[in-house]
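# Working through the structure, step by step
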Amino acid sequence: MPIVEGAILLFAVLALGTRTELLTLASVRGYWSARAARPVRSGPTAAQIGAPAEADRQRPVGWLVRNGHTLRFVLPAFAILIVVLGITAAINGGNFKFGSYLVSLLTFGSFLAILGLGQGAVVTAGGLDLSVPWAITFPAIVVTTYANGSDSAATWAIPLALCIGAGIGFFNGTLVAGLGISPIIATLATGSMLEGIALVFSHGAPIGNAPPVLLWFLNSRLGGLPPAVWFLALFVVIGTLVLNHSGFARRVRAVGNSEWVARLSGVHIRAVTISVYVLSGLCSAIVGLMLAGFADQAYYDMGKPYLLASIAVVVLGGTRITGGRSHYIGILGGALLFTAMGSMLQTTSLPEAVRSIIYGTVLLLAVILLRDQAE
Amino acid sequence: MQATALSISRLTVRYGPTTALDAADLEIGAGQVHALLGENGAGKSTIVKVLSGLVRPNAGSLGVFGRIVARFEPRYANALGIRTAFQEISLVKDLTVAQNFMLMEEPLNALGMVRGRALDDMVRARLEQLGINSIDPRTEVRRLDLPSRQKIEIARAISGNPRILLLDEPTASLSNRDVQWLGDVIERLKRSGTTTVLISHRMQEVRAFCSALTIFRNGRTVGAYAMGDLGDAEIIELMIGRSLGTAFPPKRDRVEANSKMAAPVLACQNVATVRGSDISFSLHPGEVLGLAGLDGMGQRELFLALFGVLQPTAGEIRVGGQKVQLRSPADAITCGIGMLPEDRKTEALFLELDGRENVSLPSLQRFLHGGLIRSRVEQKMVANVLDLVKVVRRALWNPVRNFSGGNQQKIAVAKWLLTNSRVLLLYDPTRGIDVGTKTEIYHLIRRYADSGGAVLFYSTEIPELVNLCDRVMVIYRRRIVETLAASALSESTIMSAAVGRQRIDGASEQHATAH
Amino acid sequence: MTDEAAALPNLSTRLPVAFLQRSGMIAFLVLLAVILALIAVSPNRLSYFDLSTISASGTTLALAGIGETIVVLGGGLDLSPGAIISLVNVVLVTQLGPSTLGVGAYTALAVTIAIGIGAGIGAINGLLVSYLRLPSIIVTLATMFVVQGAALLILKFPGGSVSSDFANLLVGDVITDVLPVPILIIGLGMLAWLYIKRLRFGVGLYAIGSDAAAAQASRVNVRFIRFLSFTIAGAFFGAAGLFITANAGSGDPLIGAGFLLKVFTAVVIGGTLIGGGRGGALGTVFGALTLTIVSTFSWLWACGPTTCRSSRAPFFCSPC
């Protein structure tokens, strides 16, 4: 039984001795005592010590110089995407309507794009979230069961589902940060326990119906595009800010590069770790809701294809799998690329098996292209 | 005419945009003990890596006993009779001493399996032959302390009966007695014909062991000399390319302004760190307080406790008069304490990130507006502090790994200067740093203190403590055994206390450098 | 300060546990405890049939676990065991099928095919990871995709069969009512591991997992050993695929799908550190057996009292 296996895994890891640094009241006391001792006037500033004045004007550094490193790993996904678009257009010949293709690409791609933020944050921090499929399925099941086609129930069912997603992330984060369990093991175990719970909940059959608001979100048109696509646009802006331009982003990158150095630089490792898993859980829940809205139901297997897809998307987007480097635009590119490949293969009516082979090959090629130069 | 053991001609090694070796030349006669001297980033360690087969040169040629080396792999170097004791100890922590010793050369039985007991016995015999009797070959390396690991690293290189022995900073963690041991070993090897190449920053050992030296600067060969040709000052001048002048900034006359006046910014009362100790002292604004001590006397634990990494088991710490419990470095930073740790590569800097991200991290709060980074402000302030430490502006945008050791250390210093901390804890900040950069760092420390900052400065080089600090505490067996005021500071007084002797007036019989 | 563990001496209390963990002793004790617990709880006596069934169920996982342990010890991760198991299964079923070759020839052919495929894919993984320096998790993820796709291409839906003589050979008894063949196979796997561990390759593998840079400087041929570790692991996965084919008697392109979690669980229970350098496959085998017993037991428990009536698995009738 998956629940049992997952639980065994966790107990095994815990029993065999992990470093236990539980969050204690003492840490909180430490925080407050430090704040109380905060200096009224700061110590010497650079200027006081004798930094030279601004007099010596240096040429402002070009945008390309500043962002060259980033472009190198963000662009490949888009480059391959263009190629795929070209092939798709060629295959469809005269029938190809770019407009409607683009809309469906964005709609389908939005699922992976959203997942990509969560998984991307976790990977950048040096971890991995293998519980994604169940963090998608379980909140979806909750919504379809309780909202079951009614909007009024949705007003509490949807927030509940989002909280569940965040809660799953919090649980993962605590296992990894608080108990020192390896992320692969921790999230694998959580995932399998959730799998068991979902199985019991649903008895393996699709249940309930999505509330109308979700159906509207995915299937209707607002200004020519499904609301989900507008949401995606907003999400991309937020995602880029969160993953690349915020203080949070810096700390995540720091943790992913070296926990020890990050700690010695004043980063709260545990808080950052838990946050990224919570973000991942939240993103998974959002995607679960969207999928429920799209299919008008939730079923046991709905999350399965998304685990490896989320990792692939993150890697295609130039994220370093060992942590420390990522950019959300790259991940967006990866999501669109993966989706475009999928739909291109679908139009050629190749069997699922071949699709799988092609995904694997493209993933491999991307990783070869994107690897760091050998020393 | 003696045979030439090593002949390097116009060797060039580039790591991306950085040139580590630039058409360098080196010639070492057979049986010589030859020193390679130079600042950090001068190329000495790179030469060792090339000779050990870890790095392939971009241009130039390398000849070993007359044969041109074409393949650069550790096994090939080994086959040529080259053995290396690396600066960064190359022992595998999860294996035992015996396994490490004979890695890839273990005795096998008929089925190809390693014979464990035979291995242990062989290694034990070899260690005894080398005069190491206190280390059990069955111990896992992770259980050994640093000096023991260094001895094993050296022993392993020596036991292979090398034709050419490369020692890169072999005495960094050795005790006085062990340095003596090393000297004896080198002498024995010399008599049996081994050629030894020694890299060390410690002039005393270099003079004692070596008969010739080659000086490098910026990846190029400056010149080769016999040991008697040059005095210390000349050597340093050749290493840094200019006259050293006054290495240390002038000390302010602190007699009147000392201690009793200003309120201490940091005070420890009977602080006991993990290993059981009792430390009390106070640090005042504008003061550079030195800390001297042999390895493992509790200084590391003290620093970690002051920075919130370790929790003291007893005693209290006060910052600015206020009692604090520092549960994490973040707490320490909040109170205005910053720490520059021992190893810049693994503790102070993110090698893959650029200078901007590295330097701004502890001070990130100041650049945040609604959670987002104010890029231009950050850029300006980081550039400002990089100018202060004299690091090129392009460090803002390039991964820190591309810069030399000295520059990396300056970037690390910049990181803490940007925090506007009122207390800086510096743990051996100039270790492994070239002479030129050291001077710059001394001046920075002085200016920081003169602007009102307080510094706790631990160093393994006594002259630094004597010349830079206003007071020096000596730690011995986890206690402060001596606090020396400016007037009483001298190498001998510090050393005596560090080895646990009572203060003796007059010269001590110990060597000036004990580690 | 360079060693974080050394910087925080009191917080790491793993040392005594670590030794037991490494030699697989803890996993063995856990296995023993689980068996004893079941004996205590079950109203029926442990019969030979139970031993046979359990070992048959657990052999696939044990073999796959040994392979995965080898990769993990070297510091890598291999996500392809499930896919390789599936591929081997469908190839055996479609290419050999219920052929009328003699048992000996059939088995020899099957073994060659299974281990050949497994080692071949492992070698590809090894080449990509070791010589192209790609991260193992992505490489094996990608090969997993590809191999799974290939399996689906070869056999679209479950079906087919293998020679029943062959199946009985692998799942039957060495000595009737005393020693089931699966136990023998597990034993052989463990012996193979003990041999590998004591080779220079084995020591080098631990070295690489513990500190690849130091190993490289110590003249270990890091690239080759890493490559070899994936290849040998692949061979073990192939063997696992061979066994599950004999056990199931038929083909299913998704037969390996659920294995990834189980394999990692077995490796972790066995005491091997993810990241490498410490642990061993003996513990993994005990972990695999533990997991199999608990799994079977929990399924039966969940499935309810009807199974109590089954006379074929008397031991696993718990008081319902």
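Residues numbered from 1 in each chain as written. Chains lettered and ligands numbered in written order. Predicted model: local features only at pLDDT ≥ 70, side-chain atom pairs only at ≥ 80, totals over all residues.

Okay, the packing of helix 14 (residues 405-418) of chain B against helix 15 (residues 435-450) of chain B next. Residues and elements named next belong to chain B. At a minimum axis separation of 10 Å, helix 14 and helix 15 run at an interaxial angle of 10°. Taken together, the axes of helix 14 and helix 15 lie roughly parallel to each other. Here Gly406, Gln409, Lys410, Val413 and Leu417 of helix 14 lie close against helix 15, whose contacting residues are Thr437, Glu440, Ile441, Leu444 and Tyr448. Of the residues assigned to the contact of helix 14 with helix 15, the class counts are 5 nonpolar, 3 polar and 2 charged. (Axes fitted to C-alpha atoms, helices over the stretch in contact; angles between N-to-C directions. Helix = DSSP H or I, 4+ residues; strand = E, 2+ residues; numbered from the N terminus. Parallel < 35°, antiparallel > 145°, perpendicular 65-115°, else oblique. Contact = placed C-beta atoms within 7 Å. Nonpolar A, V, L, I, M, F, W, Y, C, P; charged D, E, K, R; others polar.)

What follows is about the environment of Arg142(B). All names here are of chain B. Mapped onto the elements of the fold, Arg142 is located in the loop between helix 4 (116-129) and helix 5 (146-159). Look at Arg142 and you get buried, because 20 C-beta atoms sit within 10 Å. For the pair Arg142 and Asp94, spaced 48 residues apart in sequence, the C-alpha separation works out to 6.3 Å. If sequence neighbours within four positions are ignored, Arg142 has contacts with Lys93 and Asp94. (Buried ≥ 20, exposed ≤ 12 C-beta atoms within 10 Å, placed from the backbone.)

With that settled, consider helix 8 (residues 164-171) of chain C. Residue and element names in this part refer to chain C. Here helix 8 has its buried residues at Phe166, Leu170 and Val171. Projected down its long axis, helix 8 carries its buried residues within an arc of 115°, all on one side. Those residues of helix 8 hidden inside the fold are in contact with helix 4 (48-73), helix 6 (103-131), helix 9 (181-198) and helix 12 (222-248). (Arc of directions from axis to C-beta.)

Turning next to the interface of chain C and chain B. Across the boundary between the two partners, chain C contributes 25 residues, which contact 28 residues of chain B. Secondary structure elements with two or more residues in the side of chain C that touches chain B: helix 9, helix 10 (200-210) and helix 11 (212-217) of chain C. Per-element tally for the side of chain C that touches chain B: the top contributor is helix 10 of chain C, with 6 residues. Each residue belonging to the side of chain C that touches chain B can be placed in one class, and the counts come to 12 nonpolar, 8 polar and 5 charged.

In a packed pair of helices, the relevant descriptors are the angle between the two axes and the axis-to-axis distance. One can describe the packing of helix 16 (residues 352-370) of chain A onto helix 7 (residues 136-154) of chain C by two numbers: an axis separation of 7 Å at closest approach and a directional angle of 160°. The angle between the axes of helix 16 of chain A and helix 7 of chain C places the two elements in the roughly antiparallel class. In this structure, the crossing between helix 16 of chain A and helix 7 of chain C has a hand that is left-handed. Counted together, Glu352(A), Ala353(A), Val354(A), Ser356(A), Ile357(A), Tyr359(A), Gly360(A), Thr361(A), Leu363(A), Leu364(A) and Val367(A) of helix 16 of chain A and Ile138(C), Val139(C), Leu141(C), Ala142(C), Thr143(C), Phe145(C), Val146(C), Gln148(C), Gly149(C), Ala150(C), Leu152(C) and Leu153(C) of helix 7 of chain C form the full contact between these two elements. For the contact of helix 16 of chain A with helix 7 of chain C, the class distribution of residues is 16 nonpolar, 6 polar and 1 charged. (Left-handed = near helix turned anticlockwise from the far one by under 90°.)

Glancing now at the sheet that holds strand 11 (residues 266-272) of chain B. Residue and element names in this part refer to chain B. Strands sit in the order 12-11-14-15 across an open sheet of 4 strands; the sheet is antiparallel. With partners counted over all chains shown, the strands left at the sheet margins are strand 12 (279-283) and strand 15 (322-324), one partner each. Each strand of the sheet is rotated relative to its neighbour by a mean of 20°, with strand direction disregarded. Of the strand pairs in this sheet, strand 14 (residues 314-319) and strand 15 are connected by 3 bridges, and their pairing is antiparallel. Its bridge partner lying in strand 15, Arg318 is registered against Lys323. (Pairing = 2+ DSSP bridges.)

Moving on, we get to the sheet that holds strand 6 (residues 82-85) of chain B. All names here are of chain B. With mixed pairing, 6 strands are arranged side by side in an open sheet as 6-7-8-3-9-10. Two strands close off the open sheet at either side, each with one partner strand: strand 6 and strand 10 (220-226). Here the average twist between neighbouring strands, direction ignored, is 20°. In this sheet, strand 10 lies alongside strand 9 (residues 212-217) in antiparallel orientation, the contact comprising 6 bridges. Bridge pairing in strand 10 places Thr214 opposite Ala224. Running over the sheet, helix 1 (residues 44-51) touches strand 3 (33-38), strand 6, strand 7 (164-168), strand 8 (195-199) and strand 9 and is turned about 145° from strand 7. The sheet contacts of helix 6 (residues 176-191) involve strand 3, strand 7 and strand 8, and relative to strand 8 the element is tilted by about 150°.

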